[in-house]
Amino acid sequence: MPMRSDEQRDTCIDALIARVTALEREVAALKGEPASVEKLTTPKIPVPDPSREFVFSKIDAKVKPKKTGDSSLENAIGTRWIGRIGVLAILFGVAFFLKYSFDNKLIGETGRVILGIFCGAAFIGAGEYLQKKKNMGLYGQMLSGGGLAVLYLALYAAFALYHLIPALLATAGMLAVTTTGMTLSVRYSAYSLAAIALLGGFLTPIMLSTGQNQPLTLFGYVLLLDTGTLLLLRFRQWPSLVAASLAGTVVLYCGWHSEYFSEPQHWLAFGIVVTFFLFYNLYILVSRLYSRHAESKVDQIVIFGAAAFFFLAFFAQYQWESTWPVKSFTLVLAAFELGLAELVRRRASDARLTIAAYAAVSVIMTVIATFVALEQRWILPALAAEMAALGWIGIRLDFPVVRRGAYLLGLILLFRFADDLVFRLEPFERFIPVFNSRFQVCATAIAGFYALLSFMAHDRDKLDANERYLSGLIFVITQALSLVLLSVEVHDFFLYRSPAHVLGWGASHYAYQLSLSVLWALYASLLTGAGIYWRLRGARVLGILLLGATVLKVFLLDLSSLQTFYRIISFIVLGLLLLAVSYSYNRFKHFIFGEDQP
């Protein structure tokens, strides 16, 4: 590009200034500001500030490149897994060394134990030292964890293998190691150390078992260990340790129960499970009522786990037999869980997950009590009442989890309904339509579904979109159950009390088919009429579909199989009912096709 002369450059600068001036005038006009006399000056070139440049360079220096997948994997392997595998290898080496030295008598028994204790302490000391070094904290934690494990092994060898120390001293030593591990976990904020300490604490009774039945000593130690775990949560929020503590308690109790439980120890065993049940529920209550920490899924695990442990342990103490103490205990436990739910609701209404968990446990125990405590004929009505009550609680308090429990209970109710629908005529028992145990029991179940539908319709705004569709499905199921029950009643009437003997009819089969057609048509008409009266489009549609099914039955089955007399009655009754339904539609069409209930 050819070089311009000074005159040409001045001309270009003047043209550029003129364009900038014109643009400024246009901007001022658009803003509605009066045009001012422009005084253009040569713009100053900003001089970089050395201090600002230094600050920017420091900020840029702090920006770290993003880690790629390969570098993250390499970092995890190099900083964590290689060290953990190394510690594990050393533990195996120490164990093999103890066994080898024992077999070959290289070192005395006391020397082996002292050496193990020295190595464990050295590992813990090295971990403590490395905590103060830059980028070595994780490595130090691994060494401390390995030291704890070595100390457990050394104390176990001193007691179980070499019999150098009594059980009381070994227990105190392992308890000291557990306490040290938990203290270090708080100091380093290391969850892994707390987990190792807790695991070692629960393995202590197993490793130091003398084969003697000492339940007070065993579970006193376990209660002390569980208390230490909960105290640890005051310094570090690791709620999963509570679930792990509960699991360890359950394992130790199961082991003791299978080995040593006997009838004379019944009340002692009951006192043990009551203590731990109250202990863990007290933790939940204190956490929700007096702690500011948010709810977690671990709380729900503890609630369900403590209740399951309590119930199963009590049931096992009665040899898994459904005795009256077991029946009474199940109902009392259900009431207790419901009382805890109400307590939390009154004192900490925002703890919705905890309230729902307690309520769900109460419902589960109530259902279990239904099957355990009641006779067969009372199970279906009890389930129906529980489903309705659970639905009312879930809708009234707006707990979706509780409502889903009601829906699940309804599914169980359907299976139970199908089983109770079969009529079993006892010897010398006479079948009476409607006034029989089968009809009354099944009618109670249907009434439970109607009650649930009523609750859902009354507080429809609290239901989500899926639940609104589900209410329509429940309505269809309720109508189907009602029609099936009535049809079965008609069938059993002609089976056990044939009109050939009662009414003098010649062929009860024809009368049965006629009665069934009349029943279906009448039920469909009533359903359609209810849909018209209450403006329920679903009821009207369902009634019309049932009328269609009745029409098909009359024209395809009754027309070909019934005798002339029964055909006449069947068609006339069906025709009259169809005319009645049609009249209702025409008479109230302005009412029907107005604003339907959604």
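Below you will find a few notes about this structure. (Residues numbered from 1 in each chain as written. Predicted model: local features only at pLDDT ≥ 70, side-chain atom pairs only at ≥ 80, totals over all residues. Heavy atoms only, no water.)

### Re the layout of surface pockets
Here the idea is plain: a probe the size of a water molecule rolls over the atoms and shows the empty space left. The calculated volume of the second largest pocket comes to roughly 630 Å³. Around the second largest pocket, the lining is made up of 23 residues, and of these Pro 205, Leu 208, Ser 209, Thr 210 and Leu 218 lie nearest the centre. Of all the elements in the fold, those that place two or more residues in the lining of the second largest pocket are helix H6 (167–188), helix H7 (191–207), helix H8 (215–232) and helix H9 (240–260). Considered class by class, the residues forming the lining of the second largest pocket number twelve nonpolar, ten polar and one charged. (1 Å grid on protein atoms, 1.4 Å probe; cavity = no way out; pocket = protein on both sides within 12 Å on 5 of 7 lines; lining within 4 Å. Points joined across faces, edges and corners; volume = space filled by probe spheres on them. Helix = DSSP H or I, 4+ residues; strand = E, 2+ residues; numbered from the N terminus. Nonpolar A, V, L, I, M, F, W, Y, C, P; charged D, E, K, R; others polar.)

### Here we look at the packing of aromatic side chains
The geometry of an aromatic ring pair is captured by the separation of the ring centres together with the interplanar angle, meaning the angle of the planes. Per the stated rule, a full pass over the model turns up 23 aromatic pairs. Seen in terms of ring centroids, Phe 219 and Tyr 253 are 6.0 Å apart; in terms of plane orientation they differ by 50°. Their pairing is tilted. On the criterion of sequence distance, the pair formed by Phe 219 in helix H8 and Tyr 253 in helix H9 is long-range, its members being 34 residues apart. For the pair formed by Phe 219 and Tyr 253, the shared burial category is buried. Cluster of aromatic residues (ring-pair linked, three or more members): Trp 267, Phe 270, Phe 277, Phe 310, Phe 311, Phe 314, Phe 315, Tyr 318, Trp 320, Phe 329 and Phe 336. A cation over an aromatic ring shows up here: Lys 327 above the ring of Trp 324, its NZ or CZ 4.3 Å from the ring centre. (Phe/Tyr/Trp six-rings, centres within 6.5 Å; stacked < 30°, edge-to-face > 60°. Buried < 20%, exposed > 50% of the residue type's maximum accessible area, 1.4 Å probe, protein only. Lys NZ or Arg CZ within 6 Å of the ring centre and 35° of its normal.)

### With respect to unusual backbone geometry
The backbone of Gln 319 shows a phi angle near 60°, a positive value even though the residue is not glycine. With respect to the secondary-structure elements, Gln 319 resides in the loop between helix H11 (297–317) and helix H12 (324–347). Although it is not a glycine, Arg 535 adopts a positive phi angle of roughly 55°. You can see Arg 535 is positioned in the loop between helix H19 (508–533) and helix H20 (537–561).

### Quick word on the environment of Val 484
Here Val 484 lies in helix H17 (residues 465–496). With relative accessibility at 37%, the residue Val 484 sits in the partly exposed group. Sequence separation between Val 484 and Leu 421 is 63 residues; the distance between their C-alpha atoms is 9.1 Å.

### Overview of the nonpolar core
Judged by nonpolar contacts, the single largest core of 101 residues is most densely connected at Tyr 253, Tyr 280, Leu 413 and Phe 417. The leading source of residues in this core is H11, at eleven residues. Leaving out residues up to four positions away in the same chain, Tyr 253 has contacts with Phe 219, Ala 269, Ile 272, Val 273, Phe 309, Ala 313 and Gln 317. (Core = buried A, V, L, I, M, F, W, Y, C linked by side-chain atoms within 4.5 Å. Contact = heavy atoms within 4.5 Å.)

### Here's the deal with the pattern of salt bridges
Applying the stated criterion to the full structure yields nine salt bridges. Asp 398 is the salt-bridge partner of Arg 403, the closest N and O atoms lying 3.3 Å from each other. We note a salt bridge from Glu 489 to Arg 438, for which the minimum N-O separation is 2.8 Å. Remark: Arg 438 occurs in helix H16 (residues 437–458) and Glu 489 occurs in helix H17; sequence separation between them is 51 residues. (Salt bridge = Lys/Arg side-chain N within 4 Å of Asp/Glu carboxyl O.)

### Let's talk about a nonpolar patch on the surface
Together, Phe 371, Leu 408, Leu 411, Ile 412 and Phe 415 line one region of the surface with nonpolar side chains, adding up to about 500 Å² of accessible area. Per-element accounting of the nonpolar patch gives the leading share, four residues, to helix H15 (residues 400–420). For Leu 408, the position within the fold is in helix H15. Using a relative accessible area of 52% as the deciding quantity, one classes Leu 408 as exposed. (Patch = residues over 30% accessible without salt bridge, like charges linked within 9 Å, V, L, I, M, F, W, Y side chains within 5 Å. Areas by Shrake-Rupley, 256 points an atom, 1.4 Å probe, with all protein chains shown as cover.)

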